[in-house]
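Reading the structure
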Amino acid sequence: MGKYYVVADETGGVITAHYKNAILFAELMDGWDVIWEFSDFEAAEGFLLDHLSGIVPRGCLLPERLELNQIVTICGLILEQMS
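Scope of this entry: the structure provided in the associated data block. (Residues numbered from 1 in each chain as written. Predicted model: local features only at pLDDT ≥ 70, side-chain atom pairs only at ≥ 80, totals over all residues. Heavy atoms only, no water.)

**Quick notes on the nonpolar core**
Note the cut-off: What we call a nonpolar core is a set of buried Ala, Val, Leu, Ile, Met, Phe, Trp, Tyr and Cys residues that are connected through their side-chain atoms within 4.5 Å. Here the term buried applies to any residue with accessible area under 20% of the maximum for its type, exposed to any over 50%, and partly exposed to those in between, with areas from a 1.4 Å probe on protein chains only. Note on conventions: DSSP H or I runs of at least 4 residues are helices, E runs of at least 2 residues are strands, and numbering of each starts at the N terminus. Residues count as neighbours in contact if any of their non-hydrogen atoms are within 4.5 Å of one another.
By size, the foremost hydrophobic cluster in this structure holds 15 residues, and its most contacted members are Val6, Ile15, Leu48 and Leu66. For this core, the element with the most residues is helix α2 (residues 41-55), which contributes five residues. Setting aside residues no more than four positions away along its own chain, Leu66 makes contact with Ile15, Phe41, Glu45, Leu48, Leu49, Leu52 and Val72. Ranked by size, the runner-up nonpolar core spans eight residues in total, among them Val7, Ala26, Met29 and Ile35.

**Here's the deal with the state of the cysteines**
Put simply, the rule is: A pair of sulfur atoms, both from cysteines and within 2.5 Å, is called a disulfide here.
Under the criterion given, the structure shown has zero disulfides. Here Cys60 stays unpaired: no disulfide links it, and the sulfur of Cys75, its closest cysteine neighbor, is 10 Å away.

**As for the pairing of strand β2 (residues 12-16)**
Let me state the cut-off plainly: Pairing between strands requires that DSSP locate at least two bridges from one strand to the other.
For β2, the tally of buried residues reaches five of five residues, placing the bulk of the element in the interior. Burial of β2 is two-sided: the residues Gly12, Val14 and Thr16 facing one way and the residues Gly13 and Ile15 facing the other way are all buried. Across five bridges, strand β1 (residues 4-9) lies against β2 in antiparallel orientation. Within β2, the position partnered with Val6 by the bridge is Ile15. In this antiparallel pair of consecutive strands, β1 and β2, the connection spans two residues.

Shown next as structure tokens:
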């Protein structure tokens, strides 16, 4: 069983399976403080979805599932819903 890492800030977040990648994603994102470690993908996904639900505007839909190494941003979610 591997480990999963979540990097999140006030604009979105990402889940990755490698700590080196988490550091790289953290450098791309502004305002990050912590890289969170989880023992399974579902726990990491639940954490990030909860984080996203607290930062997206009211009425903005969240994805049902998140993908590994895919940065999810507020802006991206809004643009997705507009198309």
